[in-house]
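Secondary and tertiary structure notes
Read off the chains here:
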Amino acid sequence: MSRQLTRDELAIDPVELARRLLGRVLESRSEQGTVRVRLAEVEAYRGLDDPASHCYRGRTPRNEVMWGPAGHLYVYFVYGMHFCANIVGLTEGQPGAVLLRAGEVETGSELARMRRPTARGNGAVAKGPAVLTSVLGVDRAHNGIDLTDPDSSVRLFDGTPVPEERIRTGPRVGVAAAMDIPWRFWIDGSPAVGTYRRGGRVRAR
């Protein structure tokens, strides 16, 4: 079993955290079983200095978890039908998080496919932020869960480091502001990575 990450390891700037999260393994346990996903695509969001961030206009009940402490899962509902999950970074009172966009299923592929029966090919089972949360069984009930707690139903492990030469960067997908900032990170060649879609319209992030 790989090592579970600590809060101190996650309490860093979201841009650096995003890069470091590639190759890490997110595990979700439920009565249905366990699914483990190797993170392959992520996006960094800062706080008051990032117009694309939920926290850009200040603290609200909805974005409360994103203000720390680090190591918690920030889950939000989007488009009235999907959940997206973020890993919170920085220290308490400083907002910042990394959106989990895609991953490669390492354990629990049968359960993952049961949750996403329409996925095409093994690489697409956890492709896209809403699909990823669905595969992991993550929803609003997991908002604020501590990924560093050994007893948590959702935990983050160190996984296998990604060589620097395989890490790619580019603009974030579908954001309505700060559209050209290259804070999306992905593993080159991973079948889980989605197609880039430029923003420009209002996005319910």
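Residues numbered from 1 in each chain as written. Predicted model: local features only at pLDDT ≥ 70, side-chain atom pairs only at ≥ 80, totals over all residues. Heavy atoms only, no water.

**Let's talk about the overall build of the chain**
- The helix and strand inventory of the chain stands at four helices and eight strands.
- Based on the C-alpha atoms only, the size of the chain along its principal axes is roughly 40 × 40 × 35 Å.
- A burial count over the chain gives 52% of its 205 residues as buried.
- Long-range pairs, those at least 24 residues apart, make up 63% of the contacts in the chain with a sequence separation of at least 6. (Helix = DSSP H or I, 4+ residues; strand = E, 2+ residues; numbered from the N terminus. Buried < 20%, exposed > 50% of the residue type's maximum accessible area, 1.4 Å probe, protein only. Contact = heavy atoms within 4.5 Å.)

**What about the packing of aromatic side chains?**
- Enumeration according to the criterion identifies two aromatic pairs in this entry.
- Between Y74 and Y76, the ring centres sit 5.7 Å apart and the planes meet at 40 degrees, which makes this aromatic pair tilted. Y76 matches Y74 in its accessibility class, with the two residues each being buried.
- Relative to F83, the ring of F77 has its centre 4.8 Å away and its plane inclined at 40 degrees; by these criteria the two rings are tilted.
- Under the relative-accessibility criterion, F77 is labelled partly exposed at 33%.
- A relative accessible area of 18% places F83 in the buried class.
- Positioned above the aromatic ring of W186 is the side chain of R184, whose terminal nitrogen or guanidinium carbon lies 4.1 Å from the ring centre. (Phe/Tyr/Trp six-rings, centres within 6.5 Å; stacked < 30°, edge-to-face > 60°. Lys NZ or Arg CZ within 6 Å of the ring centre and 35° of its normal.)

**Observations regarding the environment of P95**
- Summarising the element assignment, P95 is placed in the loop between β4 (82-88) and β5 (97-107).
- With near-sequence residues (within four places) excluded, P95 lies in contact with R46, G47, L48, C55, M66, W67 and L90.

**With respect to the environment of V88**
- On the secondary structure map, V88 appears in strand β4.
- For V88, a relative accessible area of 0% corresponds to the buried category.
- Sequence separation between V88 and E64 is 24 residues; the distance between their C-alpha atoms is 11 Å.
- Once residues within four sequence positions are removed from consideration, V88 is found in contact with L10, L17, V65, M66, G68, P69, A70, G71, H72, Y74, G96 and A97.

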